[in-house]
Amino acid sequence: MDFFEKEMRLLFEKSELMKDAKYCGKMAIAKPQDGLILKFEFTTNGCANDYEGIKAKIMSLTCGVIDSHVFLFSDIIGDKNSGTGRVKPYLWEGDVKSRWNVTVTEEEKQKIARSVLDYAEMFVSPDMALRL
């Protein structure tokens, strides 16, 4: 299991919504209810190897993509102190080792996960499911 898969699992595997998720590299896919698929994927924001957020896609087996949204880490937890100034947090993919570019606490990671899961839950709640 690589760094990105570990981080994705740390973010989402405890969620009831993602209980049967499949994880592979930089993404996770789950089917929380019949006909609905959630896909969460680490995404760059224009700079190769700097994964600044999570792209969440809500898909239907019959209709395709219903909605998608990019959650930038900096929008959720803010810019971080790097010792040389304030920077946007991101996951960095290196040749030898991948890592966060700054320290991101477990509490901040859970805040990121909660933001993504709150969005996804809008589509699996009974009221929203009727509109799909």
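Residues numbered from 1 in each chain as written. Predicted model: local features only at pLDDT ≥ 70, side-chain atom pairs only at ≥ 80, totals over all residues. Heavy atoms only, no water.

## As for the pairing of strand E3 (residues 36-44)
The side chains of a regular strand alternate between both faces of the sheet. With respect to burial, E3 is a largely interior element, 7 of its 9 residues being buried. Note: strand E2 (residues 27-33) against E3, 5 bridges, orientation antiparallel. What sits directly across from Ile29, in E3, is Lys39. As paired strands, E3 and strand E4 (residues 50-60) are joined by 9 bridges and run antiparallel to one another. Pairing of Thr44 across the sheet is with Tyr51, part of E4. The hairpin turn running from E3 into E4, its antiparallel successor, is 5 residues long, and Gly46 in that turn takes a positive phi close to 110°. (Buried < 20%, exposed > 50% of the residue type's maximum accessible area, 1.4 Å probe, protein only. Helix = DSSP H or I, 4+ residues; strand = E, 2+ residues; numbered from the N terminus. Pairing = 2+ DSSP bridges.)

## Looking at the packing of aromatic side chains
Taken as a whole, this structure holds 8 aromatic pairs when the rule is applied. Measuring from ring centre to ring centre gives 5.2 Å for Phe4 and Tyr51, while their planes differ by 70°; the resulting arrangement is edge-to-face. One end of the pair, Phe4, is in helix H1 (residues 3-12); the other, Tyr51, is in strand E4, and 47 residues separate them in sequence. Taken individually, Phe4 and Tyr51 each receive the classification buried, so the pair is uniform in this respect. On the basis of an interplanar angle of 70° and a centroid distance of 5.5 Å, the ring pair of Tyr119 and Phe123 is categorised as edge-to-face. In this pair, Tyr119 and Phe123 are both assigned in helix H3 (residues 106-124), 4 residues apart and thus about one turn of the helix distant. Taken individually, Tyr119 and Phe123 each receive the classification buried, so the pair is uniform in this respect. Among the aromatic residues, those joined into a cluster by ring pairs are Phe3, Phe4, Phe42, Tyr51, Phe73 and Trp100. Above the face of the Phe4 ring, Lys26 is positioned so that its terminal group lies 4.8 Å from the ring centre. (Phe/Tyr/Trp six-rings, centres within 6.5 Å; stacked < 30°, edge-to-face > 60°. Lys NZ or Arg CZ within 6 Å of the ring centre and 35° of its normal.)

## A few points about H3
Between its first and last C-alpha atoms H3 spans 26 Å; for 19 residues at 1.5 Å apiece the expected length is 27 Å, and the two agree. Looking at H3, one finds that the buried residues are Glu108, Lys109, Ile112, Ala113, Val116, Leu117, Tyr119, Ala120, Phe123 and Val124. (Expected span 1.5 Å × (residues − 1).)

## Things to note about the pairing of E2
Bridging between strand E1 (residues 22-24) and E2 involves 3 bridges; their strand directions are antiparallel. Each bridged residue has a counterpart across the sheet, and for Tyr23 the counterpart in E2 is Ala28. Two successive antiparallel strands, E1 and E2, enclose a turn made up of 2 residues, where Gly25 displays a positive phi of approximately 60°. Hairpin connection between E2 and E3: a loop of 2 residues separates the two successive antiparallel strands, and Gly35 in this loop has a positive phi of roughly 85°.

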